[in-house]
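Chain and residue survey
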Amino acid sequence: MRGSLPISRRSVFKLRQVGIGTLGSAKIKILLCGCVVLSLLAIANRNRDSSSFMGWTGDFDRSSSPRGRYSIVINTWKRYDLLKKSISHYTSCPRLDSIHIVWSEPDPPSDSLKRYLNHVMRSNSRKDQQVELVFDINKEDSLNNRFKEIKDLKTDAVFSIDDDVIFPCTSVEFAFTVWQSASDTMVGYVPRMHWVDQKKGENKYKYGGWWSVWWTGTYSMVLSKAAFFHKKYLKLYTDEMPASLKEYITKNRNCEDIAMSFLVANATDAPPIWVKGKIFEIGSTGISSLGGHSERRTECVNKFVDEFGRMPLVPTVMKAVDSRYSWFW
Ligand SMILES: *[C@@H]1O[C@H](CO)[C@@H](O)[C@H](O)[C@H]1NC(C)=O
């Protein structure tokens, strides 16, 4: 009797262990298979707007109020092929209300250009929206024109762009949602920085280009070649920007974007927001590839500090990313 107990115990134990073992590995296999299938489904569904995964579509009600849409203000100068490319691209983006072309050439837009653009607008527009195309004709040729107040603008949000960069609609859409969370702020894809120039003493600054931003992760401006801001800043720029500063911009054909960054920072005492987005440069001879670019920009920064009586720009290290596309968390 004494000896039999441990034996029977052991055998029961063994039996159980085997039972757990076989059942366990089957369960684990099923679980693993399930995980793989779910992951594949999730990956397959993730980037599609309209399909649903377990009823999670990632879509939500997009309001049709003025806050729910935006207007594009595009600055262009005698580069009709780029203009055509840009416009035919953006016309297909959701939540776009209108496109304003800032026209500063001596001759008005030709009939053939207008015809072409109207045709493109009709054929590329999404079925659920009617996008309006407006030429804002200016007599004077000045970079300040791009920030002229637009009287009949229906949306609060302005997406200011140059004609030589293209952003996919998903990137535009994302920046717009970021702007909606902070509508007093400038939200853009091209960050720049002002650095204190210690060699030159106090209140002297150096313009920091892309590499310095990349190296330090710090920025204080986003350039208006690709940025969202509230339409009230167009009025502010038109009415409140010191005339001497505007003349300087017209004369030097540069730095209107730095001026806008100063204006918004001066009004908000807050930094802009840099959003991650894909950029496609379609015109290669940008002004930034010309020599002496950063010296001229440095000159602008210091000139504007004098005009404003202080340095309004606020540095930050925050970057907004689309959580759907940031891996894992
Ligand atoms: C900058 O902000 C100050 C204080 O709010 C204001 O008085 C001034 O008019 C602003 N400057 C410009 C150019 O908008």
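Throughout what follows, the structure given in this document is the object of discussion. (Residues numbered from 1 in each chain as written. Predicted model: local features only at pLDDT ≥ 70, side-chain atom pairs only at ≥ 80, totals over all residues. Heavy atoms only, no water.)

A tally of regular secondary structure across the chain gives nine helices and 13 strands. For the chain, buried positions account for 43% of its 329 residues. Taken as a whole, the chain presents about 19,100 Å² of accessible surface, with 58% of it coming from carbon and sulfur. (Helix = DSSP H or I, 4+ residues; strand = E, 2+ residues; numbered from the N terminus. Buried < 20%, exposed > 50% of the residue type's maximum accessible area, 1.4 Å probe, protein only. Areas by Shrake-Rupley, 256 points an atom, 1.4 Å probe, with all protein chains shown as cover.)

Scanning all chains against the criterion turns up two disulfides. C93 shares a disulfide with C169; S-S distance 2.1 Å. On the sign convention where negative is left-handed, the bridge of C93 and C169, at about -85 degrees about the S-S bond, is left-handed. Pair noted here: C93 is in the loop between α2 (80-90) and β2 (96-103) and C169 is in helix α4 (residues 169-181), with a separation of 76 residues, a long-range link. (Disulfide = S-S within 2.5 Å.)

The subject of this paragraph is the pattern of salt bridges. A complete count under the given rule lists 16 salt bridges for this structure. Here R95 makes a salt bridge to E173, at a shortest N to O gap of 3.2 Å. Of the two residues, R95 is situated in the loop between α2 and β2 and E173 in helix α4; the sequence distance between them amounts to 78 residues. The pair R95 / E173 is uniform in exposure class, with both members buried. A salt bridge links K154 to E132; the shortest N-O distance between them is 3.3 Å. With K154 in the loop between β3 (132-137) and β4 (157-162) and E132 in strand β3, the pair connects residues that are 22 residues apart, well separated along the chain. Several salt bridges share partner residues, and in doing so they unite R69, D97, E132 and K154 into one network. (Salt bridge = Lys/Arg side-chain N within 4 Å of Asp/Glu carboxyl O.)

The next thing to look at is a nonpolar patch on the surface. Side chains of W210, W211, W214 and W215 sit close together on the surface and give an oily, nonpolar patch of about 620 Å² of accessible area. As for its placement among the helices and strands, W210 is situated in helix α5 (residues 210-216). Residue class for W210 comes out partly exposed when judged on its relative accessible area of 35%. (Patch = residues over 30% accessible without salt bridge, like charges linked within 9 Å, V, L, I, M, F, W, Y side chains within 5 Å.)

Now for the sheet that holds strand β8 (residues 205-208). Pairing in this open sheet of three strands is antiparallel, and the strands run β8-β7-β9 from one edge to the other. Each edge of the open sheet carries a strand with a single partner, namely β8 and β9 (221-222). Strand direction decides the pairing type here: strand β7 (residues 191-196) and β8, joined by four bridges, are antiparallel. Bridge pairing in β8 links H194 to Y207. Contacts between helix α9 (residues 293-308) and the sheet are confined to β7 and β8, with β8 contributing the most and set at about 130 degrees to the helix. (Pairing = 2+ DSSP bridges. Contact = heavy atoms within 4.5 Å. Axes fitted to C-alpha atoms, helices over the stretch in contact; angles between N-to-C directions.)

Here we come to the packing of aromatic side chains. The geometry of an aromatic ring pair is captured by the separation of the ring centres together with the interplanar angle, meaning the angle of the planes. Taken as a whole, this structure holds 21 aromatic pairs when the rule is applied. Both rings, one in W103 and one in F135, keep their centres 5.7 Å apart while their planes meet at 80 degrees; by these two values the pair is edge-to-face. Highlighted residues: W103 in strand β2 and F135 in strand β3, separated in sequence by 32 residues. Given the relative accessible area of 1%, W103 is considered buried. Here F135 falls in the buried class, since its relative accessible area comes to 17%. Consider the rings of Y219 and W274, whose centres lie 5.5 Å apart with planes at 80 degrees: the pair is edge-to-face. (Phe/Tyr/Trp six-rings, centres within 6.5 Å; stacked < 30°, edge-to-face > 60°.)

The next subject is the environment of R146. Along the chain, the position of R146 falls in the loop between β3 and β4. When the C-alpha positions of R146 and S224 are compared, they lie 9.5 Å apart, and in sequence the two are 78 residues distant. Ignoring anything within four residues of it in the chain, the contact list for R146 reads V73, N75, V102, S160, I161, D162, S224, K225, L234 and E256.

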